[in-house]
Each structure stands twice: as C-alpha cells, then as structure tokens.
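So the chains spell out like this:
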Amino acid sequence: MKPAAFEYSRPDTLEAAIALLAQGGPDAKVLAGGQSLVPMMNLRLAQPRLIVDVNRIPGHDYIRRDRDELVIGFLARHEDVKRSEVVGEACPLIAAAYEHVAHGTIRNRGTLCGNLCHADPASEMPAVMLATEATMELQGPAGLRHVPAAQFFLGLYETALASDEMLVRLRIPVAPKGQGWGFHEVSTRKGDFAFVCVGALLTLKAGRISTAKVAAAGIGTRAVRLDAVERWLIGQEANQQTFQRAGREASSSVVPSGDSMVPAEYRSELLEILTRRALADAASRSN
Ligand SMILES: Cc1cc2nc3c(=O)[nH]c(=O)nc-3n(C[C@H](O)[C@H](O)[C@H](O)COP(=O)(O)OP(=O)(O)OC[C@H]3O[C@@H](n4cnc5c(N)ncnc54)[C@H](O)[C@@H]3O)c2cc1C
C-alpha cells in the first residue's frame, strides 16, 4: 500500500521546524528515522498532510555526559546510542535494553527520541526512561519545557507532546555508584517488540535493598512503573526468595491486557518471571 498524498518540507533549523509544525497543526508530523511513521503511513494508519523532515538539522545527534546526566539529542540514532561507551558507563540499563530493540538496519536509521514519541506500548525504551527517571525536553513556539518520563507517556501511542512541539533532548540521571541493573524480555523473535519486558535498578546496603526502580512494558496501553513492587522491596534481603515474591507482587499489582497472540494470563506469568529475573540480575551487579 502507498501513503496518502502529503506535503514535504526539510527545514535546516530547529526554529524553522517548530514554526512549520505550528503552521501545520495536528496534520503535521515530524519525520525522524521514519521506522515507525513510514510503515504507519504506508498502512494509512497515519495520514499527515505535512511531513517535517528534521534529518538535516545539524548538531542534534549528540550523546554526551553533562556532569550527573546523560544527555541525548533528538537525532541520535538507536545504533549509536546502543554502541556508545558513554551510555554503557553512565546508564548500563539502556545498553542492556538495546539488546532487544529491532534489528541493525532499523537501528541505523531510527532514533531514540522518535521511538519515545511514537510511544508503542510494547516498546522497551519507555520502560527504561521510567525506571531511570529521565526528563524529556520539549520545545515549542512558547519555549522549552521539562517533562518527567512519568508524565510523558499518557496512553496508546499518546504522549504529552503538543502538535507544535518537538522532543529535542533527553536528560537521564547517571546511575549512582554501586547501582545494579537488569533487563529481561520475551518476544516472538530477537529484535521484535516485547510481549512483556521488565527493567530493574537496585542498590543494596549490607545485603538489603535500599533503592528499587522497576518498570515494565507490553502489558497495557503504555509502559508503567511498578510502584507497589518497589515499595515492597525496600529493606528486603536481596535473595531469590525476595525476587520470587516481588515477581508475584508484580503480576498481582497489574492486570495485563490480552490479545489473540498473547493472552492476558500468559502476559501475567511473563511479568512475574521477568520481574524476578531482572531483579536477580540487578542485585548480582550491585556493589
Ligand atoms: C521491523 C521493525 C522492528 C522494530 N522493532 C522494534 C522493537 O523491538 N522495539 C522498539 O522499541 N521499536 C522497534 N521498532 C521501531 C523503531 O524503534 C523506530 O525507530 C522507532 O519506533 C521510531 O523512531 P524513528 O526515529 O524511526 O521515528 P519516526 O518513525 O520518524 O517517527 C515516529 C513518531 O514520532 C514522531 N517524532 C519523531 N521524532 C520526534 C521528535 N524529536 N519530536 C516530536 N515527534 C517526533 C513522528 O512524528 C512520528 O509520529 C521496529 C521497527 C521496525 C520497522
């Protein structure tokens, strides 16, 4: 199938891109890597009248550490983020999750920011942004606003972005010393979207859990933080019994949605098992 007719523009500056989005209103769409938007257009699930191709705007593909934050620009491609040593050191959960995201050809073109704006419910990175407590910087005609990940993902393919705003930058807190990480997923094949995935960050003190951040995707309309599990984990001994109990808490605290391919009961079971595994990995990497 071919996309519906659309106008195409390729601005050279961020300001020009935002002005075009403001003119186009809800019928205008940013084109970043095109790895989600173009398939949606081909299937006519998206029919934007105006495409604003931001790929030629210079200077926004950076991945850098800025004191205690990892800062990633909107044109940083998945593959560059995945391979980045800065990311591996500052936020190893991102690197771990990238082992499950798409395939090389798609990662070469797709962007991390585009992925987050698309907000697919079975996408790995929204869960990672929730667990790491990242902040999204959104720029529109009225200026810049900072939106915590917890307020960015609103629902099925829905985010806090206004139609005249762009996600221009991510700010991800650098992992504190000693924090361990774990990420587990089940999907049809390696590189496919998750049936369920879970990311966990733990710090330990004298063998007990002192901080816990756990987030999951694939279980509903958007990625979620497993707050009840996190609260229960604090002060518990970091052992298999605790992780098993936390897995059970996870599956009883969320009622996953089901579909013809993945029944809700199976998702619930996966949530339990993957939470347990992600926590066990995170504990084994804490020091
Ligand atoms: C075969 C295949 C397998 C895949 N597997 C996975 C997978 O396992 N896990 C996964 O997470 N993803 C997967 N993807 C999707 C991939 O990660 C996409 O790259 C990503 O979802 C979208 O990023 P993009 O840069 O290509 O954005 P685009 O497709 O260009 O845009 C996506 C949406 O975001 C908007 N947008 C893009 N950038 C911005 C911005 N900076 N500000 C405001 N709006 C913006 C666009 O207007 C559009 O609505 C897969 C894709 C394919 C084709």
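As annotated in an unreviewed UniProt entry, the chain carries the name Xanthine dehydrogenase family protein subunit M and comes from Variovorax ureilyticus.

Asker: Looking at this structure, how should I read empty space enclosed by the protein?
Answerer: Taken as a whole, this structure holds 1 cavity of 30 Å³ or more when the rule is applied. If you add up the space inside the largest cavity, you get close to 40 Å³. Around the largest cavity, the lining residues are Ala 119, Asp 120, Pro 121, Pro 126, Phe 153, Leu 154, Gly 155, Glu 158, Arg 222 and Ala 223. Considering each element in turn, the lining of the largest cavity owes the most residues, 3 residues, to strand β8 (residues 153–155). By residue class, the composition of the lining of the largest cavity is 6 nonpolar, 1 polar and 3 charged.

Asker: Looking at this structure, I do not really get the sheet that holds strand β1 (residues 7–9). What am I missing?
Answerer: Two pairing modes exist for strands in a sheet, parallel and antiparallel, and in both the strands are linked by backbone hydrogen bonds. A sheet is described by the order of its strands in space; here 3 strands give the open sequence β1-β3-β2, paired in parallel fashion. Looking at which strands have only one partner, the edges of the open sheet turn out to be β1 and β2 (28–31). Averaged over all pairs of adjacent strands, the angle between their axes in this sheet comes to 25 degrees, without regard to strand direction. Sheet topology note: the β2/strand β3 (residues 50–53) ladder contains 4 bridges and is parallel. Opposite Val 30, over in β3, you have Val 52 as the bridge partner.

Asker: Looking at this model, I keep getting lost on the environment of Ile 209. Mind explaining?
Answerer: Take Ile 209: it is sitting in strand β13 (residues 208–217). For Ile 209, a relative accessible area of 2% puts it in the buried group. Taking the C-alpha atoms as reference, Ile 209 lies 6.3 Å from Glu 237; in sequence the two are 28 residues apart. Apart from the residues within four sequence positions on either side, Ile 209 is in contact with Leu 202, Thr 203, Leu 204, Leu 233, Ile 234, Gly 235, Gln 236, Glu 237, Ala 238, Thr 242 and Phe 243.

Asker: What exactly am I supposed to notice about the UniProt feature "domain: FAD-binding PCMH-type" (unreviewed entry) in the chain here?
Answerer: What UniProt calls "domain: FAD-binding PCMH-type" (unreviewed entry) maps, in this numbering, to residues 1–177. Across residues 1–177, the secondary structure splits into 35% helix and 25% strand, with the terminal C-alpha atoms separated by 51 Å.

Asker: Is there a simple way to think about the side chain of Arg 171 in this case?
Answerer: Along the polypeptide, Arg 171 turns up in strand β10 (residues 166–173). Within the structure, the side chain of Arg 171 is placed 2.5 Å from the side chain of Glu 137, a separation counted as a polar contact. Filtering out sequence-adjacent residues up to four positions away, Arg 171 remains in contact with Asp 66, Glu 69, Leu 70, Val 71, Ala 134, Thr 135 and Glu 137.

Asker: Which parts of the structure should I look at to understand the nonpolar core?
Answerer: Buried together is how nonpolar side chains tend to be arranged in soluble globular proteins. If you look at the biggest cluster of nonpolar residues, it comprises 57 residues, and the most contacted ones within it are Ile 94, Leu 116, Met 129, Met 136 and Leu 170. Excluding its chain neighbours within four sequence positions, the residues that come into contact with Ile 94 are Leu 70, Val 81, Val 87, Met 125, Val 128, Met 129 and Ile 172.

Asker: Could you clarify how one ought to interpret the site of the ligand in this entry?
Answerer: Close contacts around the ligand come from 29 residues, with Val 30, Ser 36, Leu 37, Thr 111 and Ser 123 the closest. The backbone of Val 30 places a nitrogen or oxygen atom 2.6 Å from an oxygen atom of the ligand. Here an oxygen atom of the ligand and a side-chain polar atom of Ser 123 are 2.5 Å apart. Notes on the ligand: free accessible area 970 Å², of which the protein chains cover 89%. A molecule is said to occupy a pocket when more than half its atoms come within 2 Å of that pocket's grid points, and by this definition the ligand occupies the largest pocket. At the level of secondary structure, the elements contributing two or more residues to the shell around the ligand comprise β2, α7 (112–118) and β10. Tallying contributions element by element places α7 first for the shell around the ligand, with 4 residues.

Asker: What is the right way to look at the pattern of salt bridges in this model?
Answerer: Pairing is possible between side chains that carry opposite charge, provided their charged atoms lie close to one another. Tallying each qualifying case throughout the model produces 18 salt bridges. In this structure, Arg 83 engages Glu 79 in a salt bridge whose closest nitrogen and oxygen atoms are separated by 2.7 Å. Within this pair, Arg 83 and its partner Glu 79 are both found in helix α3 (residues 78–83), separated by 4 residues, close to a single helical turn. Residue Arg 83 is classed as exposed on the basis of its relative accessible area, which comes to 64%.

Asker: Quick question: what am I supposed to make of the sheet that holds β13 here?
Answerer: One open sheet accounts for 4 strands, arranged β11-β12-β13-β14; its pairing is antiparallel. Among the strands making up the open sheet, the edge pair consists of β11 (180–187) and β14 (224–225). Contacts from helix α12 (residues 264–284) reach β11, β12 (194–205) and β13 within the one sheet, and its direction differs from that of β12 by about 30 degrees.

What counts and what doesn't
Residues numbered from 1 in each chain as written. Predicted model: local features only at pLDDT ≥ 70, side-chain atom pairs only at ≥ 80, totals over all residues. Heavy atoms only, no water. 1 Å grid on protein atoms, 1.4 Å probe; cavity = no way out; pocket = protein on both sides within 12 Å on 5 of 7 lines; lining within 4 Å. Points joined across faces, edges and corners; volume = space filled by probe spheres on them. Helix = DSSP H or I, 4+ residues; strand = E, 2+ residues; numbered from the N terminus. Nonpolar A, V, L, I, M, F, W, Y, C, P; charged D, E, K, R; others polar. Pairing = 2+ DSSP bridges. Axes fitted to C-alpha atoms, helices over the stretch in contact; angles between N-to-C directions. Buried < 20%, exposed > 50% of the residue type's maximum accessible area, 1.4 Å probe, protein only. Contact = heavy atoms within 4.5 Å. UniProt positions renumbered as here; feature names shortened; annotations may be inferred. Polar contact = N/O pair within 3.5 Å; in protein donor to acceptor, adjacent residues only side chain to side chain. Core = buried A, V, L, I, M, F, W, Y, C linked by side-chain atoms within 4.5 Å. Near = heavy atom within 4 Å. Areas by Shrake-Rupley, 256 points an atom, 1.4 Å probe, with all protein chains shown as cover. Sits in = over half its atoms within 2 Å of the grid points. Salt bridge = Lys/Arg side-chain N within 4 Å of Asp/Glu carboxyl O.

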